[in-house]
Amino acid sequence: MAKDEYADIDRLPVDLLSHIFALISSFLDLAHASIVCRKWKQGVEQSLARRKSLSFAGWNMDDDSIARLVGIAYNLKELDISRSSWSCRLTDDGLYKISMAKCVSNLTSISLWGMVAITDKGVTSLVSSATSLQHLNIGGTFITDESLYAIADNCPNLKAIVLWSCRHVIGNGLITLVNKCRKLESINVWGMRVPVDCFISLLAISPALEIKPGGLQASVGRVSLWPVL
């Protein structure tokens, strides 16, 4: 009887196993499940392939582990690698590996918030492949205008971008971004060191552009000289 009970799980088809594994949110548990046997590994991979969104926020992950999981998630649309934990160690090498995944060209949303180890090199690699991108959060990073030039050249469908506290970005990158990304609806510039003249130029290019934090457009309209943020 014990032998028969143990064998019951092995009778489940891979499709059913994949549905079960899709209910598991812990990447560590999925990793453990994938090494049980070949059938379970197939089930884990199928469950990841069906996912539309993945979030690594708060997980102890590195370049290889993140890139490996993204590479399996063929139908992925939303990718969140925000830093909700100091243990998440994503670098430019990881972004390059992610950029090679099949799903990247179909991603509509990416968050790299707070990933302080990434630079323009990694962001450029990623956005060069993410041509369907509509929402991007790269706030809290040390990117410069170089990243914005790459985004402007490769992401024509961009609707919203968060540049929260990206203090190494200056006006030229923002102007290029708004000029080329004509579908851009909102941009978060909180904590950036950008002069008021730049924001006036952005609104001249796209009057309907929402510049966050809220009320910034009104402030720009009221004064001719605004202090640097």
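Note that the structure is predicted; figures quoted are calculated from it, not measured.

Caption draft 1: Spatial organisation of the packing of aromatic side chains. Taken as a whole and judged by the stated rule, the model has 3 aromatic pairs. Ring centres of W113 and W164 lie 5.9 Å apart, and the angle between their planes is 45°; this geometry places the pair in the tilted category. Note that W113 is positioned in the loop between strand 3 (109-111) and helix 7 (120-129) and W164 in the loop between strand 5 (160-162) and helix 9 (171-180), a separation of 51 residues in sequence. Among the residues examined, W113 registers a relative accessible area of 28% and is labelled partly exposed. A residue is classified by how much of its surface remains accessible, and W164, at 30% relative accessible area, is partly exposed. Ring plane angle 5° and centroid distance 5.5 Å describe the contact between W164 and W190, whose orientation is recorded as stacked. Of this pair, W164 sits in the loop between strand 5 and helix 9 while W190 is found in the loop between strand 6 (186-188) and helix 10 (196-205), placing the two residues 26 residues apart along the sequence. The partly exposed category is assigned to W190, whose relative accessible area is 45%. Through successive ring pairs, a cluster of aromatic residues spans W113, W164 and W190.

Caption draft 2: Focus on the pattern of salt bridges. Evaluation of the coordinates by the stated rule reveals 4 salt bridges. A salt bridge links K97 to D93; the shortest N-O distance between them is 3.2 Å. Of the two residues, K97 and D93 are both situated in helix 6 (residues 92-99); the distance of 4 residues between them amounts to about one turn of the helix. Residue classification places K97 among the partly exposed residues on the basis of a relative accessible area of 31%. When the shortest N-O distance is used, the salt bridge between K180 and D153 registers 2.6 Å. With a gap of 27 residues between them, K180 in helix 9 and D153 in helix 8 (residues 145-154) connect regions that are remote in the sequence. A relative accessible area of 45% means that K180 is categorised as partly exposed. When salt bridges with common partners are traced through the structure, they connect D64, D93 and K97 into a single cluster.

Caption draft 3: Quick peek at helix 2 (residues 14-21). Of all the positions in helix 2, only V14, L17, S18 and F21 are classed as buried. Looking down the long axis of helix 2, one finds its buried residues gathered within 100° of arc, a one-sided arrangement. Buried residues in helix 2 make contact with helix 3 (27-34) and helix 4 (38-49).

Caption draft 4: Main features of the side chain of N188. Position of N188 relative to the elements: it lies in strand 6. At 3.1 Å, the side chain of N188 and the backbone nitrogen of W190 are in polar contact.

Caption draft 5: Expanded view of the packing of helix 9 against helix 10. Helix 10 packs onto helix 9 with a crossing angle of 10° between their chain directions and a minimal axis gap of 10 Å. Between helix 9 and helix 10, the interaxial angle falls into the category roughly parallel. Contact residues: helix 9 offers G171, L174, I175, V178 and N179, while helix 10 offers C198, S201, L202 and I205. The class makeup of the residues in the contact of helix 9 with helix 10 is 6 nonpolar, 3 polar and no charged.

Caption draft 6: Structural context of the environment of L76. Tracing the backbone shows L76 in the loop between helix 5 (63-72) and strand 2 (78-80). Separated by 28 residues in the primary sequence, L76 and L48 place their C-alpha atoms 8.8 Å from one another. With near-sequence residues (within four places) excluded, L76 lies in contact with R51, K52, S53, L54, V70, C103, N106 and L107.

Caption draft 7: Structural view of the side chain of S147. Considering the arrangement of structural elements, one finds S147 in helix 8. Note on S147: relative accessible area 0%, which makes it buried. Setting aside anything within four residues of it in sequence, one finds S147 in contact with D120 and V123.

Caption draft 8: Representation of the packing of helix 8 against helix 9 within the structure. At a closest axis distance of 8 Å, the pairing of helix 8 and helix 9 adopts a crossing angle of 5°. Relative to helix 9, helix 8 is oriented roughly parallel. Mapping the contact onto sequence places D145, L148, Y149, I151, A152 and D153 in helix 8 and G171, N172, G173, L174, T176, L177 and K180 in helix 9. Class assignment of the residues belonging to the contact of helix 8 with helix 9 gives a composition of 6 nonpolar, 4 polar and 3 charged.

Cut-offs applied
Residue numbering note: each chain is counted from 1, following its sequence as written. Reporting in this predicted model follows two pLDDT cut-offs: at least 70 for local features of residues, and 80 or more for side-chain atom pairs to be given and counted; totals over whole chains, interfaces and linings ignore these cut-offs and use all residues. Side-chain figures throughout are based on the complete set of non-hydrogen atoms in the structure, without hydrogens or water. Stacked, edge-to-face and tilted are the three classes for Phe, Tyr and Trp ring pairs, Trp counted by its six-membered ring, which pair at centre distances within 6.5 Å; planes under 30 degrees apart are stacked, over 60 edge-to-face, the rest tilted. To qualify as a helix, a DSSP run of H or I must reach at least 4 residues; to qualify as a strand, a run of E must reach at least 2; elements of each kind are numbered from the N terminus. Buried, partly exposed and exposed residues are distinguished by accessible area as a fraction of the type maximum, computed with a 1.4 Å probe on protein chains only: under 20%, between the cut-offs, and over 50%, respectively. Any Lys or Arg side-chain nitrogen found within 4 Å of a carboxyl oxygen on Asp or Glu counts as a salt bridge. Note: the arc covers the axis-to-C-beta directions of the helix. Every residue pair with non-hydrogen atoms within 4.5 Å of one another is taken to be in contact. By the criterion applied in these results, polar contacts are pairs of N or O atoms within 3.5 Å in which, for protein atoms, one can donate a hydrogen and the other can accept it, and in which residues neighboring in sequence qualify only through two side-chain atoms. Comment: axis = line fitted to C-alpha atoms, over the contacting stretch for helices; angle = value between 0 and 180 degrees taken between N-to-C directions. Oblique is the label for any angle not covered by the other classes, which are roughly parallel (under 35 degrees), roughly antiparallel (over 145) and roughly perpendicular (65 to 115). Each residue gets one label: Ala, Val, Leu, Ile, Met, Phe, Trp, Tyr, Cys and Pro are nonpolar, Asp, Glu, Lys and Arg are charged, and the others, such as Gly, are polar.

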